[in-house]
Amino acid sequence: MSKKNKIYWFEGVTEKGVKALLNDENSKYQWLRPQRNRRILVILMSLGLVLTSLGSYWPTLKTNLNLSPGVGLVIYSVTVIFVIFATLGCYSFLRIAVRSIADAPDELLDERQIAVRNTSYRYAYFILCYVLMGLMVLMFFGPELQMFQPEGNDGSYVVIAALFATAALPSMVMAWREKDI
Amino acid sequence: MLFSMSRNPEEPVYNRIEDARLALGLTRQELADKVGVHYQTIGYLEREEYSPSLVLALRIAKSLNQEVSELFSLTPFKKGK
């Protein structure tokens, strides 16, 4: 029992934490494991990412609703915080649903899990590239969309969403494609 | 198949892991512990959705007291054999 819990700083996981998830030690998370529930989580996570990335543009909604500046700011702030935390919650559940395989170091995984993880990262990379390419095409060749002209903000929510997406995409890909056994 | 996990989806590796495991009265978890993999991996192998490496095939054969050629084949096994 006194064995030291190794921390993998680069991956951001601990040995005991990964092993507990891999060995299904906590049965209260079993409901996350069926493919249907994993796919629902992936859809919710995607929705959260889209909403978070649009956070910079929500102030225009506030003005459209004709709310007073104070009330509008409170509604806006609470909604943004809720969306960010909900997305973060989805990401935590996703990691549990795929037993943290996407974040675990090689030495804690078997050969199939390593193969699955590597394939997931490959597809996550392509998905990210295609999304960014799509946005670039829209920016250069599309109509002058409001979403590319944030007024009075620095677009920081797009950066937050991009960070979330970069971290979560491998788990999302894995959660979507892994079959039930 | 877009997300295939097989090493070579064009040439699947057939196996009799489940038959051999059940003959020894082992659960997937018990075989997984003997071989040193996750129990899900045994499930994927038995469903022929994953082709093992040579090292894993040898370890499985040893754990099930069989020869690799008795457990794995590039052609489907005949039923009852």
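In case you missed it, the structure is sitting above this.
Residues numbered from 1 in each chain as written. Chains lettered and ligands numbered in written order. Predicted model: local features only at pLDDT ≥ 70, side-chain atom pairs only at ≥ 80, totals over all residues. Heavy atoms only, no water.

This part is about the nonpolar core. Core analysis: the largest hydrophobic core is formed by 36 residues, its most contacted members being A:Val18, A:Leu41, A:Met45, A:Leu49, A:Leu94, A:Met172 and A:Met174. The greatest single-element share of this core, amounting to 9 residues, is contributed by helix 6 (residues 156-177) of chain A. Dropping the residues within four chain positions of it, A:Val18 is found in contact with A:Val13, A:Ala104 and A:Leu108. One finds B:Ala32, B:Leu45, B:Leu64 and B:Phe72 within the second-largest nonpolar core, a separate group that totals 18 residues. (Core = buried A, V, L, I, M, F, W, Y, C linked by side-chain atoms within 4.5 Å. Buried < 20%, exposed > 50% of the residue type's maximum accessible area, 1.4 Å probe, protein only. Helix = DSSP H or I, 4+ residues; strand = E, 2+ residues; numbered from the N terminus. Contact = heavy atoms within 4.5 Å.)

So, about the interface of chain A and chain B. Chain A puts 15 residues into the contact, and the matching count from chain B is 20 residues. Buried area between chain A and chain B, both sides added, is near 1,700 Å², and the carbon and sulfur share of it is 52%. Considering only the surface of chain A that becomes buried against chain B, A:Glu111, A:Arg112 and A:Ile181 emerge as the three largest contributors, covering 42% of it. Remark: the boundary between chain A and chain B carries 1 salt bridge. Here A:Lys179 makes a salt bridge to B:Glu49, at a shortest N to O gap of 3.8 Å. On the surface where chain A and chain B come into contact, there are 11 residue pairs in polar contact (both at pLDDT 80 or more). (Buried area = accessible area lost by both parts, 1.4 Å probe. Salt bridge = Lys/Arg side-chain N within 4 Å of Asp/Glu carboxyl O. Polar contact = N/O pair within 3.5 Å; in protein donor to acceptor, adjacent residues only side chain to side chain.)

Before going further, it helps to examine the pattern of salt bridges. Residue and element names in this part refer to chain A. If you walk through the whole model with that rule in mind, you get 10 salt bridges over all chains. Across the pair Asp180 and Arg38 runs a salt bridge, and its minimum N-O distance is 3.1 Å. One end of the pair, Asp180, is in the segment after helix 6; the other, Arg38, is in helix 2 (residues 35-53), with 142 residues separating them in the sequence. Accessibility expressed as a relative area gives 38% for Asp180, which makes it partly exposed. A residue is classified by how much of its surface remains accessible, and Arg38, at 3% relative accessible area, is buried. Note that Glu178 is salt-bridged to Arg112, the shortest N-O span being 3.4 Å. Of this pair, Glu178 sits in the segment after helix 6 while Arg112 sits in helix 5 (residues 111-141); the two residues are 66 residues apart in sequence, bridging distant segments of the chain. Note on Arg112: relative accessible area 0%, which makes it buried.

Right, let's get into the packing of aromatic side chains. Residue and element names in this part refer to chain A. Following the criterion strictly, the structure yields 3 aromatic pairs over all chains and no others. Pairing Trp31 with Phe93 gives two aromatic rings, centres 5.7 Å apart and planes at 65°, and the pair type is edge-to-face. Of this pair, Trp31 sits in the loop between helix 1 (15-22) and helix 2 while Phe93 sits in helix 4 (residues 69-97), placing them 62 residues apart in sequence. Residue class for Phe93 comes out partly exposed when judged on its relative accessible area of 33%. Cluster of aromatic residues (ring-pair linked, three or more members): Tyr125, Phe126 and Tyr130. Above the ring of Trp176, the side-chain terminus of Arg39 is found at 4.5 Å from the ring centroid. (Phe/Tyr/Trp six-rings, centres within 6.5 Å; stacked < 30°, edge-to-face > 60°. Lys NZ or Arg CZ within 6 Å of the ring centre and 35° of its normal.)

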